[in-house]
Amino acid sequence: MEAVVELEEKKKTTTGSEALLKCLLEEKVDTIFGYPGGAIMPVYDSLYKYENRLNHVLTRHEQGAVHAAQGYARSSGKVGVCFATSGPGATNLITGIADAQIDSTPLVCITGQVASHLLGSDAFQETDIIGISMPVTKWNFQVTSADEIPYAISRAFYIASSGRPGPVLIDITKNAQQELMEFDYNPCEKIRSYQPYPDIDEERIIEASKLINEAKKPLVLVGQGVTLSGAEKEFKKFIQKAGLPVASTLLGLSALSTKHPLYVGFTGMHGNYGPNLKTNECDLLIAVGMRFDDRVTGDVNTYAKQAKVIHIELDPAEIDKNVKTTVAINADAKQALKLLTPLVDIRSHEKWLKEFRDCDSTEHEKVKSEALFPDEGELKMAEVIHQISQATGGKSIIVTDVGQHQMVTSRYYQFDQEKSNITSGGLGTMGFCLPAAVGAKLGNPKRQVIAIIGDGGFQMTVQELGTIMQYDIDVKILILNNNFLGMVRQWQELFFERRYSFTEMANPDFVALANSYSISARKVTERKELNEAINGWLSTEGTSLLEVMVEKEENVFPMVPTGSSVSDVRLE
C-alpha cells in the first residue's frame, strides 16, 4: 500500500519549476549556488517552498555561482549545481563552465530562458546559450515543455558524473517552468551510443606490466584522474610494489602524499628540477589519469623521446593526442590499476631514485634555501606557504587562484591528505579561488579550507565576500600582495626586457575591505610578525583574512620557458 501511495505522489501533477526541484532531490542534491532573474523566476518561486530541503546560496555574481559549484564538486565528490537566469546571467556562467570542462569537474548548470514562442526573436535578455555553451559542455539541452524536464535532468546528472566528468547545461524556457505536468522521475543509468567506461583490453595490461618489470629508470606521472576515480589506495599500492618514482601534475597534487618516499616532486613549467630534468632521461614514462598538456610537456618534439610511454587514460580523445604512446590503456584509473598491480614485480629503484634526490639538493641550494629561509629583505611567498603547511600539517583543503602564488603553493605546500588541492588548471581562471573556496567549504564542512589568492585575482571576484558574510562560511583567506600581476610581470622581466606594461596595481586597503564585510583581518609586513599572525589567523573562529606583503619583484623558479624542452628548466 505504501509503495502505491509513493508512486502516486511521484506522479502528482505539478508545475515544471517544481518538477525541476523534485528532480534535484531525486538526484540527492542538497546545495545549489545561484542568482535569480526574470527568466528563471518561476523556479525561484517554487524554491521558496523547498528552502528546508534544498540549501540555496545566493552568490554575488553568476561567475561566483559556477566557481562555487566547482569547488563544491571538487571537495565533495558530488555533482555541483548552479542556477542563472537568461541572457547575461547565462553568459556569466561560461568562464566557469569552460574551466570545469577542461579540468573535468562535474556540474549541472540550469539556466532560465525566454518563453518558447519568443525564441529567436531577440527578446529581452535572450541569448542562444545552447549555441554559446556547446563547445565547453559535455552535453547541453534546451527544454521547451514541462514534460521534458525529468528526461533532461536525469541525463544531465548521468552524463556529468559518469566517465570523464564534466559540465552539462540545461536551458529551460519560462513557459516550461510554468506549465503543469504529471511528475514521474526515473534516474538515467544508460544512454545508447554513450559508453563512459570502456571495456579494458587485458592484452594492453599485460604489455604494460612487462614494460614496467623490464624498466631500469621508470617514472610515473600522477594526474587528477586518480583522484576522480577514487583510486588513491590502488595507486599507492601499485607504485609501492614496483618501487616507482612518482611526479605529480598540478591537478594530481594530493593524490599521493608529498611526504611519501617515492614522491619526487611537482612537474611542469614551475615544477621541481628533478622530475622535469629526468623526464628526458627515464626509459619508461607511466602516465596515469593525465592528458600531457603543454604546461607539463613543454616542447613535445623533445619530450621523453628516449622513453617508452604507458598511458592510462579514461578519455580516448586524450590518448596519442599530444604524446605518442607505446602502450595505451583506455580505462578508468582504478580499474586499470587493480588489474595491473598483481602483474608487476616487487622491485626497488634506489639508484635511480637517488638521482632525483641529488636534483633536490641542487634545487634546494639554488632556489629553495633562499626562498624558504631568507636572512633579510622582504617576505617571500615560499616562506609564507611553508609556515602555513607546517601549521596545518598538510591536512587542509587548499584552494588557489591563478598566478605566482598558485605555483608557489603547489611547490611548497606539503599535501598530506587526499582531495586537498583545488585550483584552476587548464583554463587558468583568475577569480576562481574565492568563490571556489566557498563551495569547497560547503561541500566538505568538516575540513579546514584555506583560500590562497594574489592581489589581482582577489579583486576579480571580491564581491563574494558578501556571500561569505551572509552565510557565515568559515574560510581562511590569504592574500599574497605584491602590488603586481605577478606572473605576467615575471614574464615581462625575463622575456620582455622589464617592460612592465600595465601589470603594476594600486590596491585598496584589503583589511578595511574585509572589515566592511564583518570579516576579521590583519596585515603583515614584517618577518618577525609572520608566525604569530599565521597561527592567530588559522585559529580564529569563523572567516578570517590575512594579507601578507611579499617581495614586489620576486620570481618563481624553477621555470621551463614556453616552448622549451623540459630539459631546459631554469633555476634562475
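This text follows the structure it describes.
Residues numbered from 1 in each chain as written. Predicted model: local features only at pLDDT ≥ 70, side-chain atom pairs only at ≥ 80, totals over all residues. Heavy atoms only, no water.

## So, the side chain of D332
Part 1 of the reasoning: Among the secondary structure elements, D332 is positioned in the loop between β14 (327-330) and α15 (333-340).
Part 2 of the reasoning: Here D332 occupies a buried position and makes no salt bridge, while the nearest side chain of opposite charge, K334, is found at 7.2 Å.
Part 3 of the reasoning: In contact with D332, other than residues within four places in its own chain, are Y197, S229 and L314. (Helix = DSSP H or I, 4+ residues; strand = E, 2+ residues; numbered from the N terminus. Buried < 20%, exposed > 50% of the residue type's maximum accessible area, 1.4 Å probe, protein only. Lys, Arg positive; Asp, Glu negative; His and termini not counted. Salt bridge = Lys/Arg side-chain N within 4 Å of Asp/Glu carboxyl O. Contact = heavy atoms within 4.5 Å.)

## Regarding the sheet that holds strand β3 (residues 55-58)
Part 1 of the reasoning: In space, the six strands of this open sheet follow the order β3-β2-β4-β5-β7-β6, with parallel pairing throughout. Edge positions in the sheet fall to β3 and β6 (139-143), since each of these pairs with one other strand and no more. When the angles between neighbouring strand axes are averaged without regard to direction, this sheet yields 20°.
Part 2 of the reasoning: Sheet topology note: the β6/strand β7 (residues 167-173) ladder contains five bridges and is parallel. When the sheet's bridge partners are listed, F141 is paired in β7 with I170.
Part 3 of the reasoning: Across the sheet, helix α6 (residues 94-102) is in contact with β5 (107-113) and β7; its angle to β7 comes to roughly 145°.
Part 4 of the reasoning: Its contacts with the sheet place helix α8 (residues 149-161) against β4 (80-84), β5, β6 and β7, and it is angled at close to 170° to β6. (Pairing = 2+ DSSP bridges. Axes fitted to C-alpha atoms, helices over the stretch in contact; angles between N-to-C directions.)

## Some words on the pattern of salt bridges
Part 1 of the reasoning: Using the criterion set out here, one finds 27 salt bridges in the structure.
Part 2 of the reasoning: The salt bridge involving E318 is made with R164; its shortest N-O contact spans 2.8 Å. Taken together, the residues E318 in the loop between β13 (308-313) and β14 and R164 in the loop between α8 and β7 connect sequence positions 154 residues apart. Judged on exposure class, the residue E318 and its partner R164 are both buried.
Part 3 of the reasoning: Notably, a salt bridge pairs R489 with E493, separated by 2.7 Å at the nearest N-O pair. Residue R489 and its partner E493 are both found in helix α22 (residues 486-495); the two are separated by four residues, about one turn of the helix. Neither residue differs from the other here; R489 and E493 are each classed as buried.
Part 4 of the reasoning: Linked through salt bridges whose partners overlap, the residues forming this network are R164, D315, E318 and K321.

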